[in-house]
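Examination of the molecular architecture
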Amino acid sequence: MRAAIDYMSRSFGAPETTLTWDVIIIGGGHAGCEAAAAAARFGARTLLLTHKIETVGEMSCNPAIGGLGKGHLVREIDALDGLMGRLADRAGIQFRMLNRSKGAAVRGPRSQIDRRLYRDAMQAELASTTNLAIRAEAVEDLIVVEGRVAGVIGASGTEYRAGRVVLTTGTFLKGVIHRGEDRIPAGRVGDAPAIGLSDRLYASGLRMGRLKTGTPARLDGRTIAWDRLEMQPADAEPVPFSFLTDRIEVPQIECGITYTTEETHRIIAERLEESAVYGGRVSGRGPRYCPSIEDKVVRFRDKTSHQIFLEPEGLDDPTVYPNGISTSVSEETQAAFLHTIPGLEQVEVFRYGYAIEYDYVDPRELFPTLEVKRLPGLYLAGQINGTTGYEEAGAQGLVAGLNAARAASGAEPAQFARHEAYIGVLIDDLVTRGVTEPYRMFTSRAEFRLTLRADNADQRLTGKGIDLGVVGSERARAFGAKAAALAEARGRAAALTLTPAEASKAGLPVKADGQRRDLVQLLAYPSIGFDDLARVWPEISAWAPQVREQVEIDASYAGYLDRQAADVEAFRRDEDLRLPAELDYAAVGGLSNEVREKLEAVRPLTLGQAARIEGVTPGALTALLAHVRRRAA
């Protein structure tokens, strides 16, 4: 691993004699933890400042990691030696591979997480990280010198100087909790919001707005009638998130499934004015793909029930998270509708649900490195950029932390293209299109999802991570061994061949066309399985499970991958056409005022990025290309 500077190891919250750092991270959530770890892995002298050390790595909402699209991000974070996948493997209590019956491109690893185990594992991991110190200090303002961010000012008045600063404030920027008539300034329950930082960002001229999210009540699992519910077990053979995890050792549990009723909906409909949204008390827009129970009742009036997953928050914790009924109505109304749900008639509540509204920065204010265009030296990651979800936050945190560290050392920035990673899709969507609601990842957002699979994230990214200096020696060794085994297996797969006659003799039905077919071509036949070929070539039975899986996936997607490779090449040609950073769009002929305004707002770095801006037409792209070529002539 390449290091910017060689510094001594620092323990968790250790005292420091200096207040000058290479990189400072603000916030100890999922974005902040990945940012701090990535910067420190690169070798930057890193400080993580957070409200409370004991809440570092806290899962503030649903204690689950992964899912469709999200699981891909976790695997990519892991491939770059990030923390989330490995720690989820240590804390996962219900692993399930979503879409298991479908193609590998859309399968999504997911696990329910023991909240305490994950938080403890994260804190222990950061405590042992070389080059990283952690302090409990709320940050009130940025230090800006000649237009460049040069550090932060803590609530105590202490100045912390740094070459680069990463903000990962989550929902803390002027956060307000809404529950019925109550409005409580908070970043989350029990934590004060960040007011000064928000004021500084507004004063810097950044385009900003308000978003909202919500959370359901937390239930006492000892008062749930589990025997009356449908139960969902974990997979019989849990599939880990991390490429470094051999098997899951944590005991696995079942989750319960129940449903709202018509009486539930009647109570909510009659008291809609208590809702933060329907009562007109919030201006921020919530996540469309994770609506509150009030939204479901209003938007889907024809439905008489909605599914609820009852998800335990830990092996030794009676708290249960009722996934599917986030709400901001009053405590009285929450208690009333909860008791109309089968299995919850006698349920007791540990904490009632609420909505939270907070400031975010329009992500079009950022470069693809996640550095703020108008405030050099400042990087943003996580919900401050308009996203939702631990996985999206962690992915941004890793990129922002790595780029902050590389910039502090004078190295070139790290960027990930759309054809390389879901991380690239995520960041390009944000900086090119902005957000109108909290952004979450789906496989459908990726044009090249046949190659951007969860199973091959290490093959796509670990080598690049090694070159970028963010991958440690343990992972580099493991990756090298796996790559060698894969190369050997693929070589043998190409060398092992059968004629149609030989295949027929072995009981393998193929077209009698006289053509010799190799192992991958034979495996592409739906009627031929790996075990069938192992009877012909016993040597392949010795291949490791992950090697066998890759060869099988190669076979299933063989023809499609060739076509996608051509699409990727066309995409790369557009991405190679760079646009000057100082380009005057007013001087480009043939552009409508609307298109010109959109190009000015984003200031795309390539022709490909310009093409992905909503409303930029093919004619506008032709005019833009012609102008740039004339300018360069």
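In this report, we go over the structure that sits alongside the text.

**Focus on the overall build of the protein**
A tally of regular secondary structure across the protein gives 19 helices and 22 strands. Taking 26 Å as the expected radius of gyration for a compact globule of 633 residues, we find that the protein reaches 26 Å, a close match to that expectation. Oriented by its inertia axes, the alpha-carbon framework of the protein measures out at about 80 × 75 × 55 Å. Counting all 633 residues of the protein, 57% fall into the buried class. For the protein, restricting intrachain contacts to residue pairs at least 6 apart in sequence, the fraction spanning at least 24 positions comes to 72%. Summed over all atoms, the accessible surface of the protein reaches about 25400 Å², with 50% contributed by carbon and sulfur. Placing the 77 positive and 85 negative side-chain charges of the protein at their respective mean positions leaves the two points 4 Å apart.

**A closer look at the nonpolar core**
In terms of nonpolar packing, the biggest core is built from 103 residues, with Ile24, Ile65, Tyr118, Leu126, Leu201 and Leu378 touching the most fellow members. Leu201 has contacts with Leu142, Leu167, Leu173, Leu206, Met208, Val361, Leu375, Leu378 and Ile384, leaving out every residue within four places of it along the chain. Core analysis: the next-biggest nonpolar cluster, separate from the first, contains 21 residues, Leu498, Leu523, Ala534 and Val547 among them.

**Some words on unusual backbone geometry**
Of note, the phi angle at Asp81 is positive, near 70 degrees, even though the residue is not glycine. Take Asp81: it is sitting in the loop between α2 (70-79) and α3 (84-91). Positive phi, close to 50 degrees, is recorded for Glu146, a residue that is not glycine. With a relative accessible area of 83%, Glu146 lands in the exposed category.

**With respect to the sheet that holds strand β5 (residues 108-113)**
Read from one edge to the other, the open sheet built from 3 strands follows the order β3-β5-β4, with strand pairing classed as antiparallel. Two strands lie at the open edges of the sheet, namely β3 (64-66) and β4 (92-98), each paired on one side alone. Sheet twist, expressed as the mean angle between neighbouring strand axes with direction ignored, is 15 degrees. The pairing of β4 with β5 spans 6 bridges and is antiparallel. In the strand pairing of β5, Arg96 is matched with Arg110. Contacting β3, β4 and β5, α2 crosses the sheet at an angle of about 80 degrees to β3.

**Remarks on the sheet that holds strand β19 (residues 354-361)**
Across the sheet, 4 strands lie side by side as β11-β10-β19-β12; this open sheet has antiparallel pairing. At either end of the open sheet lies a strand with only one pairing partner, and these are β11 (182-185) and β12 (208-215). Adjacent strand axes in the sheet meet at a mean angle of 25 degrees, parallel and antiparallel pairs treated alike. Here 3 bridges tie strand β10 (residues 176-179) to β19, and the two strands are oriented antiparallel to one another. Across the sheet, residue Val176 finds its bridge partner in β19, namely Glu357. Sheet strands in contact with helix α5 (residues 196-203) are β12 and β19, and its direction is about 145 degrees off that of β12.

What counts and how
Along each chain, numbering runs from 1 in the same order as the chain's sequence is written. It should be noted that, the model being predicted, local features are given only for residues of pLDDT at least 70 and side-chain atom pairs only at 80 or more, the latter also being counted only at that level, while totals for whole chains, interfaces and linings use all residues. Water and hydrogen atoms were dropped before computing side-chain values, which therefore reflect all heavy atoms in the structure. Helix and strand definitions here come from DSSP, where helices need a minimum of 4 consecutive H or I residues and strands a minimum of 2 consecutive E residues; each element is numbered from the N-terminal end. Taken over C-alpha atoms, the radius of gyration is set against a globule rule of 2.2 Å times the number of residues to the power 0.38. When a residue's accessible area, from a 1.4 Å probe over protein chains only, is under 20% of the maximum for its type it is buried; when over 50% it is exposed; and in between it is partly exposed. Note on contacts: a residue pair is in contact if any heavy atoms of the two residues lie within 4.5 Å. In this description, accessible areas are obtained by the Shrake-Rupley approach with a 1.4 Å probe, and a residue is regarded as covered only by the protein chains that are shown. Charge convention: Lys and Arg are scored as positive, Asp and Glu as negative, and His as well as the terminal groups of each chain are ignored. One atom stands in for each charge, and that atom is NZ of Lys, CZ of Arg, CG of Asp or CD of Glu. Put simply, a nonpolar core is a bunch of buried Ala, Val, Leu, Ile, Met, Phe, Trp, Tyr and Cys residues held in one set by side-chain atoms that sit within 4.5 Å of each other. We call two strands paired when DSSP finds no fewer than two bridges between them. Here, axes are lines fitted to C-alpha atoms. For helices the fit covers the stretch in contact, and angles between N-to-C directions go from 0 to 180 degrees.

On their own, these measurements won't tell you what the molecule is for.
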